[in-house]
Amino acid sequence: MAKTLLIGANSTIAQALQENSDREFICLARSEGNLNLDGDLSELDDVTDINGLVYFPGTINLKPFTMLKEDDFLNDFKVNVLGAAKVVKKVINQLKESEGASVVFISSVAANIGLPFHASIGASKSALEGMARSLAAEYTNAKVCFNVVAPSLTDTSLSTNLLKTDRLVEASKERNPMKEIGDPQKVAKTIDFLLDAHKNWMTGQVIHVDGGMNNLK
Ligand SMILES: NC(=O)c1ccc[n+]([C@@H]2O[C@H](COP(=O)([O-])OP(=O)(O)OC[C@H]3O[C@@H](n4cnc5c(N)ncnc54)[C@H](OP(=O)(O)O)[C@@H]3O)[C@@H](O)[C@H]2O)c1
């Protein structure tokens, strides 16, 4: 059976995907010592027989605009966008060979709605969504689908600081139309669904798993 490549496989949402999916995964993560996004990604040279890719690495770098340095923007872009581009470049021929492959990127509600202190991460996640749509168009004939999941605040390692007190948790719930914090399992479920995008006639989509945050007032 063709496998799914997980980049950033130790992320909380990636772990939830692995726990709840029947797929076979190839797992690469910085914290496992088998992924260096700053390098030439030669660790991907031996990856074969894949029909899926999920790119998880991301940041939540929230600061008032005047506090954001050029390096913040560059680092957020490198981790969220450039890393994804480099990985896709490395494995696109393998994905094409499978004659029906699906790539999933993880964006954020901040790509599409204005939230204070999100100038850098919002810029990077918007860029990721733009890249996904362009790649979806470029690779339809090659039968490689590109889709995006865009969660709002979800309870993971990345959001620990934003949810570290009961007061912060309650305030975050209150800001959400469905009055909940995101559950990594629910985000993972949508990723699992999008890994069958080719079978389901879907490409170039951004799916908002966000309790209505993107579309409701
Ligand atoms: N949690 C939220 O509220 C939320 C909301 C919207 C979008 N997202 C997105 O969801 C995705 C998954 O994040 P998560 O919420 O599951 O948080 P997480 O558990 O903290 O996962 C983030 C992952 O990014 C990886 N990473 C960061 N910088 C990296 C680098 N330079 N090289 C390689 N890996 C790097 C980390 O890898 P290691 O563990 O190997 O160090 C970590 O596993 C991210 O793209 C994030 O932007 C999350």
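The coordinates are above.
Definitions and cut-offs
Residues numbered from 1 in each chain as written. Predicted model: local features only at pLDDT ≥ 70, side-chain atom pairs only at ≥ 80, totals over all residues. Heavy atoms only, no water. 1 Å grid on protein atoms, 1.4 Å probe; cavity = no way out; pocket = protein on both sides within 12 Å on 5 of 7 lines; lining within 4 Å. Points joined across faces, edges and corners; volume = space filled by probe spheres on them. Helix = DSSP H or I, 4+ residues; strand = E, 2+ residues; numbered from the N terminus. Nonpolar A, V, L, I, M, F, W, Y, C, P; charged D, E, K, R; others polar. Salt bridge = Lys/Arg side-chain N within 4 Å of Asp/Glu carboxyl O. Buried < 20%, exposed > 50% of the residue type's maximum accessible area, 1.4 Å probe, protein only. Arc of directions from axis to C-beta. Contact = heavy atoms within 4.5 Å. Near = heavy atom within 4 Å. Polar contact = N/O pair within 3.5 Å; in protein donor to acceptor, adjacent residues only side chain to side chain. Areas by Shrake-Rupley, 256 points an atom, 1.4 Å probe, with all protein chains shown as cover. Sits in = over half its atoms within 2 Å of the grid points. Phe/Tyr/Trp six-rings, centres within 6.5 Å; stacked < 30°, edge-to-face > 60°.

K.L.:
What am I meant to see in the layout of surface pockets here?
P.N.:
Once rolled over the atoms, a probe with the size of a water molecule shows which space is left empty. Space inside the largest pocket adds up to approximately 1500 Å³. Residue lining of the largest pocket: 50 residues in total, with Gly 58, Thr 59, Ile 60, Leu 158 and Ser 159 positioned closest to the centre. Counting residues per element, the ones that place at least two in the lining of the largest pocket are α1 (12-20), α2 (70-97), α3 (119-138) and α4 (166-175). Computed from the structure, the second largest pocket encloses a volume of approximately 230 Å³. As for the second largest pocket, its lining consists of 15 residues, and the residues nearest its centre are Arg 23, Asn 51, Leu 195, Asp 196 and Lys 199. Mapped onto the lining of the second largest pocket, the elements with two or more residues apiece are β3 (50-55) and β4 (101-106). Considering only residue class, the lining of the second largest pocket consists of four nonpolar, six polar and five charged.

K.L.:
Sorry if this is basic, but what is going on with the pattern of salt bridges here?
P.N.:
Oppositely charged side chains are able to pair whenever their charged atoms sit close together. In the structure shown here, the tally under the stated rule is 10 salt bridges. Ionic pairing is found between Asp 196 and Arg 23, a salt bridge with its closest N-O pair at 3.2 Å. Separated by 173 residues along the polypeptide, Asp 196 in the loop between α5 (184-194) and β6 (206-209) and Arg 23 in the loop between α1 and β2 (25-28) bring together distant segments of the chain. Since its relative accessible area comes to 24%, Asp 196 is described here as partly exposed. Put simply, Asp 72 and Lys 63 hold a salt bridge, and the shortest N to O gap is 3.0 Å. Within the structure, one salt-bridge network assembled from shared partners comprises Arg 23, Asp 192, Asp 196 and Lys 199.

K.L.:
Which parts of the structure should I look at to understand the environment of Lys 164?
P.N.:
Summarising the element assignment, Lys 164 is placed in the loop between β5 (144-151) and α4. On the basis of relative accessibility, which here comes to 58%, the residue Lys 164 falls in the exposed class. C-alpha of Lys 164 to C-alpha of Asn 141: the two residues are 23 residues apart in sequence and 47 Å apart in space.

K.L.:
Mind showing me how you'd approach α1 here?
P.N.:
Along an α-helix, residues three or four positions apart point the same way, because every turn accommodates 3.6 residues. Buried within α1 are the following residues: Ile 13, Ala 14, Ala 16 and Leu 17. The arc that holds every buried residue of α1, seen down its axis, measures 160 degrees, which confines them to one face. Those residues of α1 hidden inside the fold are in contact with β1 (3-7), β2, β3 and α5.

K.L.:
In this structure, what is going on with the site of the ligand? I would like to understand it.
P.N.:
What surrounds the ligand is a group of 25 residues, the closest being Thr 12, Ser 31, Phe 56, Thr 154 and Thr 156. Thr 154 is positioned with one of its backbone polar atoms (N or O) 2.8 Å from an oxygen atom of the ligand. Starting from 880 Å² of accessible surface for the ligand in isolation, the protein chains cover 88%. The cavity that encloses the ligand is the largest pocket. Classifying every residue of the shell around the ligand by side-chain character gives 11 nonpolar, 12 polar and two charged.

K.L.:
I keep staring at the packing of aromatic side chains and nothing clicks. Help me out?
P.N.:
Between two aromatic rings, the relevant description is the distance of the centres plus the angle of the planes. Scanning the model with the defined rule gives two aromatic pairs in all. Between Phe 105 and Phe 146 the ring centres are 6.2 Å apart and the planes differ by 50 degrees, which places this aromatic pair in the tilted class. Highlighted residues: Phe 105 in strand β4 and Phe 146 in strand β5, separated in sequence by 41 residues. Each member of the pair, Phe 105 as well as Phe 146, is classed as buried. With a centroid separation of 6.1 Å and an interplanar angle of 40 degrees, the aromatic rings of Tyr 139 and Phe 146 are classed as tilted. We note that Tyr 139, like Phe 146, is buried. Aromatic ring contacts, followed pair by pair, group Phe 105, Tyr 139 and Phe 146 into a single cluster.

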